[in-house]
Amino acid sequence: MDPINLLPYLPQAKWSPGPGDQGWHAMLCQVHKESQKCTRRKSLLKVRVMDFLTSTAILPLLFGCVGIFSVFKLLQRMRMKAYLRNAVVVITGATSGLGRECARVFYTVGAKLVLCGRNREALEELTKELASLATKVRPEVQTHKPYMVTFDLADPGAIVAATAEILQCFGHVDVLINNAGISYRGAIVDTTTDVDKKVMETNYFGPVALTKALLPSMIKRRQGHIVAISSIQGKISIPFRSAYAASKHATQAFFDCLRAEMEQYEIEVTVVSPGYIHTNLSLNAVIADGSTYGVMDKTTAQGRSPAEVARDVLAAVGKKKKDVILADLLPSLAIYLRTLAPGLFFRLMASRARKERKSKNS
């Protein structure tokens, strides 16, 4: 055994023993025996720990905890399905992207859908698609033929008539999913206020008007669930997205207030803030002069699948969650960075603006 490794076991003394000192060999033998005893004690301790963990007292406790957790998750899923089965669910922006996928997942759990959008033909196509899913739904789940309501959220006058038509479908609304929206790309100095208003009208004023129109019936029944599909940009702002970020910040603030005010009526409010989703949102975005962007951004192309996000929305509604962030690690961390280290966050955003401006000019 190497003497250096045995130094911790040497007796404390004012002198340092060496190979030439008398009794060195005997001391090494003694230390070697002590090290073997220490090793045996450690091995015995490990054995005793394993015996304790596998004893008849611990195993039932572990299995019991796993069983309780499994039962809890099962009851949670059953409650979610019961909450949404036969529930009247209104989805705006249902003709494409996340709205279309939300229609699919809510339909398969037995919800009664009212599909809203601007394009009647696209709504009819979606209705046929959902009908083809009926054979794939579990036998115990009863599906319902969806209703269609065609209107433009950006048209305040159309919302009043649309609300009356929505309520005529099933007589009431259990869940309203405010999903319709439009994105924006452009520099603030180049963007007209008409473009800002257009984005705000679709992303903020439209959902707010529809929510306010449907609220009285929910309050009367003391039952309802309002869902706002916001964005991670409703919590942080990034360069060249000013109109979009402003509309989503306003959305977050409004529905946070609504949640507090509706608590007395037992009406749930859920705000969902996804990160990038692989949809046509960037293709249909408006730019500074009001024309269509028409480009699939790299970040959007690499975004999450809308079907995956739709399942998360379904779970959030079923579990009656208040505020849900569906983003990757970095955007999620940026939310906390904005609060805890705002100076660093602002420098990072300024750097991003410089890089994006440079890439556009090159």
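As the structure is a prediction and not an experimental result, all values here were calculated from the model.

Thresholds, definitions, all that
Residues numbered from 1 in each chain as written. Predicted model: local features only at pLDDT ≥ 70, side-chain atom pairs only at ≥ 80, totals over all residues. Heavy atoms only, no water. Helix = DSSP H or I, 4+ residues; strand = E, 2+ residues; numbered from the N terminus. Expected span 1.5 Å × (residues − 1). Buried < 20%, exposed > 50% of the residue type's maximum accessible area, 1.4 Å probe, protein only. Arc of directions from axis to C-beta. 1 Å grid on protein atoms, 1.4 Å probe; cavity = no way out; pocket = protein on both sides within 12 Å on 5 of 7 lines; lining within 4 Å. Points joined across faces, edges and corners; volume = space filled by probe spheres on them. Nonpolar A, V, L, I, M, F, W, Y, C, P; charged D, E, K, R; others polar. Contact = heavy atoms within 4.5 Å. Patch = residues over 30% accessible without salt bridge, like charges linked within 9 Å, V, L, I, M, F, W, Y side chains within 5 Å. Areas by Shrake-Rupley, 256 points an atom, 1.4 Å probe, with all protein chains shown as cover. Salt bridge = Lys/Arg side-chain N within 4 Å of Asp/Glu carboxyl O. Axes fitted to C-alpha atoms, helices over the stretch in contact; angles between N-to-C directions. Parallel < 35°, antiparallel > 145°, perpendicular 65-115°, else oblique. Left-handed = near helix turned anticlockwise from the far one by under 90°. Core = buried A, V, L, I, M, F, W, Y, C linked by side-chain atoms within 4.5 Å.

K.L.:
How would you explain helix α4 (residues 120–133) if you had to name every residue and give the values?
P.N.:
Its 14 residues give α4 an end-to-end C-alpha distance of 20 Å, which sits within 8% of 20 Å, the value for a rise of 1.5 Å per residue. Those residues of α4 that sit buried are Ala122, Leu123, Leu126, Thr127, Leu130 and Leu133. Looking straight down α4, one finds that the buried residues subtend no more than 145° of arc, so they occupy a single side. In α4, the exposed positions that point more than 90 degrees away from the buried face belong to Glu121, Glu125 and Lys128.

K.L.:
Give a description of empty space enclosed by the protein that names residues and reports values.
P.N.:
Enumeration according to the criterion identifies one cavity of 30 Å³ or more in this entry. Estimated volume of the largest cavity: approximately 40 Å³. Considering the residues around the largest cavity, the lining is formed by Asn178, Ala180, Asn203, Pro207, Ala228, Ile229, Lys248, Thr251 and Phe255. Put simply, the parts of the chain that give the lining of the largest cavity at least two residues each are α6 (193–221), β5 (225–229) and α7 (242–262). It is α7 that provides the largest number of residues to the lining of the largest cavity, a total of three residues. Within the lining of the largest cavity, the residues separate by chemical class into five nonpolar, three polar and one charged.

K.L.:
Can you explain the environment of Ser242? Please cite residues and give values.
P.N.:
On the secondary structure map, Ser242 appears in helix α7. Residues Ser242 and Ala187 lie 55 residues apart in sequence; the distance between their C-alpha atoms is 7.8 Å. In contact with Ser242, other than residues within four places in its own chain, are Tyr184 and Ile188.

K.L.:
Can you break down the side chain of His225 residue by residue, with the values?
P.N.:
The residue His225 is located in strand β5 in this model. Setting aside chain neighbours within four positions, we find His225 in contact with Tyr83, Asp174, Val175, Leu176, Met218, Ile267, Glu268, Val269, Thr270, Val317 and Lys320.

K.L.:
So what's going on with a nonpolar patch on the surface? Which residues, and what values?
P.N.:
Where nonpolar side chains cluster on the molecular surface, the patch consists of Leu329, Leu330 and Leu333 and spans about 350 Å² of accessible area. Mapped onto the elements of the fold, Leu330 is located in helix α10 (residues 329–340). The class for Leu330 is exposed, based on a relative accessible area of 67%.

K.L.:
Any chance you could break down the packing of helix α3 (residues 97–108) against helix α9 (residues 306–318) for me, citing the residues and the numbers?
P.N.:
Direction vectors running N to C along α3 and α9 enclose 55°, while the axes themselves pass 8 Å from each other. It follows that α3 is oblique to α9 by the angle criterion. For the element pair α3 and α9, the recorded crossing hand is right-handed. Taken together, the residues of α9 that come into contact with α3 (itself represented by Gly97, Leu98, Glu101, Cys102, Val105 and Phe106) are Pro306, Ala307, Val309, Ala310, Arg311, Val313, Leu314 and Val317. Tallied by class, residues from the contact of α3 with α9 come to eleven nonpolar, one polar and two charged.

K.L.:
I'd like to hear about the nonpolar core, residue by residue, with values.
P.N.:
Val89, Phe106 and Leu113 are the most contacted members of the largest nonpolar core, which has 34 residues in total. In this view, Val89 contacts Phe106, Ala111, Lys112, Leu113, Val114, Val175 and Ile177; residues no more than four positions away in its chain are not counted. Grouped together as the second largest cluster of nonpolar side chains are 32 residues, Val90, Ile166, Leu176 and Leu214 included.

K.L.:
Requested: an account of the pattern of salt bridges, with residues and values cited.
P.N.:
Two side chains with opposite charge may pair up if their charged atoms get near one another. Summed over all chains, the structure comprises 14 salt bridges. A salt bridge links Asp323 to Lys235; the shortest N-O distance between them is 3.1 Å. One end of the pair, Asp323, is in strand β7 (residues 323–326); the other, Lys235, is in the loop between β5 and α7, with 88 residues separating them in the sequence. A salt bridge links Asp256 to Arg259; its shortest N-O distance comes to 3.0 Å. Linking Asp256 with Arg259, this pair stays in helix α7, spanning three residues, or about one helical turn. Each of Arg100, Glu101, Arg104, Glu125 and Glu129 takes part in salt bridges that share partners, so that together they form one network.

K.L.:
I'd like a rundown of the packing of α10 against helix α11 (residues 342–361), residues and numbers included.
P.N.:
Interaxial distance between α10 and α11 falls to 5 Å at its minimum, and their mutual angle equals 120°. Accordingly, the angle class assigned to the pair α10 and α11 is oblique. Between α10, through Ala334, Leu337, Arg338, Thr339 and Leu340, and α11, the contact on the second element is made entirely by Pro342, Leu344, Phe345, Phe346 and Leu348. Its residues placed into classes, the contact of α10 with α11 shows eight nonpolar, one polar and one charged.

K.L.:
How would you sum up the environment of Gly275? Please name residues and give values.
P.N.:
Looking at the secondary structure, you find Gly275 in the loop between β6 (268–274) and α8 (298–301). Between the alpha carbons of Gly275 and Thr299 there is a distance of 9.7 Å; along the sequence they are 24 residues apart. Setting aside residues up to four positions removed in sequence, Gly275 forms contacts with Ile232, Leu326 and Ala327.

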